[in-house]
Structures are given as structure tokens and as C-alpha cells.
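The residues making up each chain are set out below.
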Amino acid sequence: MEQEIKPNVEEEVKPNISEEDLNKCKNILSQIEEYYSSKIVGQKNLEISLLTALMANGHVLLESVPGLAKTTAAKVLTDALSGDFSRIQCTPDLLPSDIIGSQTFNYATNEFETKIGPVYANFVLLDEINRSSSKTQSAMLEAMQERQVTIGGTIYELPEVFIVIATQNPIEQEGTYLLSEAQLDRFLLKEKLTYPTISEEIEILNRIEKNVFVDNEPILNLDDISFLQETRKKVYIDESIKKYIADIIYTTRNPKGIIPDNLANYISVGSSTRGAIAFMECSKAVALLNGRTYVTPDDVKSLRYSVLRHRIALNFSAMADDIQVESIIDSIFGAIRTP
């Protein structure tokens, strides 16, 4: 195993993030973690992904079979904060105007009035996003990327803190629509939830019996989240780490000769530049989550599946041979030299 070399960043970090600011970040994050852990049992990877998205002001796609707390986890995180929350239950008959808003004619004033849709909130939960039609899914592209919506030719800026948490059920086929590559790429992270262990299942039953979801008073405000996001931007990332990220993304596009041919042949399309940006922003957030002011290679590795699993498209041969994208990702990271 190659020895990890920490970048010499003491001089660069000190002027950017003070000890006081770092301690404030630790305090904010510990409050959110404590609140989350008091409601949700297990699902540690989900907790890290949600906190990372919160700090990076990015969007998250949650995937699992029904009943594994996708919606509950999203709601618990947003309940901890004082921002505006809206939930959109996606169905095949949902229209784009149901999400972004529309113009209606007021006969009393003989004028058109604009009605803003539920997308205008700090936290938007798109429940079962793959049940909405492609046309409705595309209505979210502008909101998720440009953080604005256009109604009747007028642009409406979305809140500064704007995070979409979408859920989808991968086993349902009837009445569902696959998310396009363009839509998937707008999600900073994609997290897959797993079944709880027996001990976790028992603890879930105990918490349901105690009715732990009744008390949902917010513990933080949006200023705290904005502070986290601004501090995360100041986290130092060395040029060698950026080169490491660029090598990883390049390998997803040109895997032959770098990873074994039997795995390289399964890749249809590699990651876009958004994948590189996601690695940089997420690794900064993970560094801050770990109480550091600089990024290490382990920060990049820690969220490799969440960043890449929806950005690497596999061909039909991979499906036929039951090849998982996580195996491809492990092969890529194993082939790239760690700085």
C-alpha cells in the first residue's frame, strides 16, 4: 500500500480559516449529527452524504427499495434547520408548472399574475422522482443548475441555500421513467441505502415506540449553513490532489490500458467535468467534517461511489454479466497512483 503524503499546507491554511471559525464549524456539525443520530438508526454513509451536500450546497439522489427511510432521513435533516421546506410527490400526471409555478389571469384586474411553485424553497424533497415524466423532470434542470426558474419570460432567483433531495425506487417498473444522463449529472451525489442489521431493526422499533419523530424543533438557522458553506470554500486543496482527481475522471473516459480490459469494456460513457468539480467540492466538505482545513487523498476516496456511481454509464454487457459500477470505481481508484 502506498504511503499517503499530507500536503504541506500550514502557511496557506492559517490565513484562510481561523481556529475560531473551525471550532464554530465543528460545533454546528456536531449539533446536526447529534440530531440526525437521535432520529435515524444506522445509515452512516447517508448521513455523511447529506452533510456533504449541505456544506457544498449540492443536490442528492437517494436510491433504495421502499421503507428504508429515504424520505424520513431527508425530512429529519431539513427539520433540524429553520429554512423553508417543500415536498413534491412525483406522479406520472405531475406537470412542470406544478413544480416551478405558472401564470394565471386575474379577471378582476385584467392582468396575468405569477404563482411561484413549491420549488421556491431552501430544501426541496422530490419524492419518487422517477415516477414523474421526462418533461416534468426536465423542469428541474434549470432550477438545479442555474438556481433560477423562468415563468412567462421572467427569471426568478432561487434562495442562496437551495438543495434538492430526490428519492427513487429502483425495483419499480410500472409508471416510472428513467432519469436522463443530463438530469443525473446535476446531482452532486447519489447514495444507495442498504437494509438495517437485526440490532438496528430492533432499535428502529424502539424509537418508533417512543415516538421520537414528534419533537422536530429546528436547532440551527440558515446563517449557520451559509457559514459552513463559506468556510468550506476556504479549505485548501493542493495541486497534487487536483491532479489526482483529474486522473480519476480521465480514466473513467479512457479506461483501456489503465484498468483491466475485461472491466474497461463494460464502460459506455465516463464522467463529465461535473464529476471533477463534485470531487473537489465534496472532498473539501469531508475535510471540514473531519475537522481539517486541508484536503487529503482519503477525502477524495471516501465518497468515490457517491460521486461516480451515477456518472459512469455501463453497457448492456455489464448488466448481463451482473457487473456493478462500484467494482469499476474500485478498479479505477486502484489503478491511479495516490499522491
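This is a predicted model, so every value here is computed, not measured. (Residues numbered from 1 in each chain as written. Predicted model: local features only at pLDDT ≥ 70, side-chain atom pairs only at ≥ 80, totals over all residues. Heavy atoms only, no water.)

A.B. asks: Residues and numbers for the side chain of arginine 311, please.
C.D. replies: Within the fold, arginine 311 resides in the loop between α14 (304–308) and β11 (313–314). Of note is the side chain of arginine 311, whose polar atom sits 2.8 Å from the side chain of aspartate 185. In this structure the side chain of arginine 311 is engaged in a polar contact, spanning 3.2 Å, whose partner is the backbone oxygen of leucine 188. For arginine 311, the contacting residues outside a window of four places in its chain are Asp185, Phe187, Leu188, Val269, Gly270, Ser271, Arg274, Gly275 and Ala278. (Helix = DSSP H or I, 4+ residues; strand = E, 2+ residues; numbered from the N terminus. Polar contact = N/O pair within 3.5 Å; in protein donor to acceptor, adjacent residues only side chain to side chain. Contact = heavy atoms within 4.5 Å.)

A.B. asks: I'd love a proper account of the sheet that holds strand β2 (residues 85–89), names of residues and values included.
C.D. replies: Spatially, the five strands line up as an open sheet ordered β2-β5-β8-β1-β9, and their pairing is parallel. Either end of the sheet is taken by a strand with one partner, and the two such strands are β2 and β9 (189–192). Strand-to-strand twist in this sheet, taken as the mean axis angle between neighbours without regard to direction, amounts to 15°. Strands β1 (60–63), β5 (123–127), β8 (163–168) and β9 of the sheet are contacted by helix α3 (residues 44–56), whose axis makes an angle of about 165° with β9. (Pairing = 2+ DSSP bridges. Axes fitted to C-alpha atoms, helices over the stretch in contact; angles between N-to-C directions.)

A.B. asks: Could you give an account of the pairing of strand β4 (residues 111–116), with specific residues and numbers?
C.D. replies: With six bridges joining them, strand β3 (residues 101–106) and β4 adopt antiparallel strand pairing. Paired with threonine 104 across the strands is glutamate 113, a residue of β4. Taking the residues between adjacent antiparallel strands as the criterion, β3 and β4 are bridged by four residues, where asparagine 110 takes a positive phi near 55°.

A.B. asks: So what about the pattern of salt bridges? Which residues, and what values?
C.D. replies: Opposite charge on two side chains lets them pair, provided their charged atoms get close. Counting across every chain of the model gives 15 salt bridges. Between arginine 304 and aspartate 330 there is a salt bridge, with its nearest N and O atoms 3.3 Å apart. With a gap of 26 residues between them, arginine 304 in helix α14 and aspartate 330 in helix α16 (residues 325–335) connect regions that are remote in the sequence. You can call arginine 304 partly exposed: its relative accessible area is 23%. (Salt bridge = Lys/Arg side-chain N within 4 Å of Asp/Glu carboxyl O. Buried < 20%, exposed > 50% of the residue type's maximum accessible area, 1.4 Å probe, protein only.)

A.B. asks: Got a sec to walk through the environment of glutamate 217? Specific residues and values, please.
C.D. replies: Inspection of the secondary structure assignment puts glutamate 217 in the loop between α8 (198–210) and α9 (222–233). C-alpha of glutamate 217 to C-alpha of aspartate 79: the two residues are 138 residues apart in sequence and 6.8 Å apart in space. Beyond its immediate stretch of four places on either side in the chain, glutamate 217 contacts Tyr35 and Asp79.

A.B. asks: Could you give me a rundown of the packing of aromatic side chains, with the residues and numbers involved?
C.D. replies: Within this structure, the stated rule accounts for two aromatic pairs. Aromatic side chains tyrosine 244 and phenylalanine 333 sit 6.3 Å apart centroid to centroid with 90° between the ring planes, which places their arrangement in the edge-to-face category. With tyrosine 244 in helix α10 (residues 239–253) and phenylalanine 333 in helix α16, the pair connects residues that are 89 residues apart, well separated along the chain. Taking relative accessible area as the criterion, tyrosine 244 reaches 1% and is therefore assigned buried. According to the relative accessible area criterion, phenylalanine 333 is buried, its value standing at 9%. Through successive ring pairs, a cluster of aromatic residues spans Tyr244, Phe279 and Phe333. (Phe/Tyr/Trp six-rings, centres within 6.5 Å; stacked < 30°, edge-to-face > 60°.)

A.B. asks: Which residues make up the layout of surface pockets, and what values go with them?
C.D. replies: Here the largest pocket defines a volume of roughly 1400 Å³. Along the walls of the largest pocket sit 37 residues, with Leu178, Leu184, Lys190, Leu314 and Met319 positioned nearest its centre. Of all the elements in the fold, those that place two or more residues in the lining of the largest pocket are α7 (181–185), β9, β10 (267–269), β11, α15 (316–320) and α16. Ranked by residues supplied to the lining of the largest pocket, first place goes to α7 with four residues. Of the residues belonging to the lining of the largest pocket, the class tally is 15 nonpolar, 12 polar and 10 charged. (1 Å grid on protein atoms, 1.4 Å probe; cavity = no way out; pocket = protein on both sides within 12 Å on 5 of 7 lines; lining within 4 Å. Points joined across faces, edges and corners; volume = space filled by probe spheres on them. Nonpolar A, V, L, I, M, F, W, Y, C, P; charged D, E, K, R; others polar.)

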